[in-house]
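Each chain, letter by letter, is given below.
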Amino acid sequence: YSGWNAFKEDFIAELEYLFKEQKVDASIPFVVSDDIMTISNNIGQLQIDAIQDTMSMLNHDDLQTALRYLRNAKELDLYGVSNNLLLAEGFRSKLFYIHRNVNICRLPGNPKVQAAMSDETHCAILISYSGETEFIIEVAKVLKKKETPIIAITCIANNRLSKIADVTLRISSREMLHTKIGDFATTTSIKYLLDTLYAGIFSFDYQKNLDYKIQIAKAVDDRHSGYEFIDEDEFPQ
């Protein structure tokens, strides 16, 4: 920081965020004495809180910048570890149906190769809750040298990843790294941000994408339902 006043502003904002009262503990959302309906209600409330939390930190200018990078990119690369790769697969699947390919490397070492092969025509999304995962930081440094625009999805902290990235989208940051039952809030928060980015990409050419997606569904999807409300006899035009 440039001085005390600059530090103080961020420090107070972070304290206000961390000590804001929550209905459900993000790390331990239920205890041994809770019945199944209490557990169910707590998990539901936690996911609602996580999305609202993420929405409150979503900045219009940052989101617009991220979408501009995505729109201009010829190649979209996504980097993450563990469960974040499963969320990345869902993001890739959605974009696949509107002719946008997302590159995700799963094999050890390959993501660094992918980053080394990147350039300014690519756009990279890096997902890391802590923003301090060494593997992700190493990839970010390579991408920076290659002048690839970097979108970071990470926690509220001013971490190494957010310092390297060109734009940062913040995840709900109330889960402990280790002392927790599951990644309930984090998973919900990351999925919400990826869904928002997908929706933004979709909106670039809304009618064309909608028509094409319906056309493909009509050609390949043979599902039907006994629930009349969702069982379409004809696809909407």
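Residues numbered from 1 in each chain as written. Predicted model: local features only at pLDDT ≥ 70, side-chain atom pairs only at ≥ 80, totals over all residues. Heavy atoms only, no water.

Draft legend 1. Inspection of the packing of aromatic side chains at higher detail. Counting across every chain of the model gives five aromatic pairs. Geometrically, the ring pair formed by Phe96 and Tyr97 is edge-to-face, given 5.5 Å between the ring centres and 80° between the ring planes. Looking at Phe96, the relative accessible area reads 58%, which means it is exposed. Over the ring of Tyr97 we find Lys213; its NZ or CZ atom is 5.5 Å from the centre of that ring. (Phe/Tyr/Trp six-rings, centres within 6.5 Å; stacked < 30°, edge-to-face > 60°. Buried < 20%, exposed > 50% of the residue type's maximum accessible area, 1.4 Å probe, protein only. Lys NZ or Arg CZ within 6 Å of the ring centre and 35° of its normal.)

Draft legend 2. Just the environment of Ala152, in detail. With respect to the helices, strands and loops of the structure, Ala152 is situated in strand β4 (residues 150-154). In this structure Ala152 comes out as buried when scored by relative accessible area, which is 0%. Residues Ala152 and Met117 lie 35 residues apart in sequence; the distance between their C-alpha atoms is 19 Å. Not counting chain neighbours up to four residues away, the residues in contact with Ala152 comprise Leu126, Leu161, Ala165, Val167, Thr168 and Leu169. (Helix = DSSP H or I, 4+ residues; strand = E, 2+ residues; numbered from the N terminus. Contact = heavy atoms within 4.5 Å.)

Draft legend 3. A look at the nonpolar core. Counting 34 residues, the largest nonpolar core has Leu70, Leu78, Phe91, Ile125, Ile151, Ile153 and Leu197 as the members making the most contacts within it. When residues of this core are assigned to their parent elements, the largest contribution, eight residues, is made by helix α8 (residues 184-204). (Core = buried A, V, L, I, M, F, W, Y, C linked by side-chain atoms within 4.5 Å.)

Function cannot be read off these values alone, since they describe shape.
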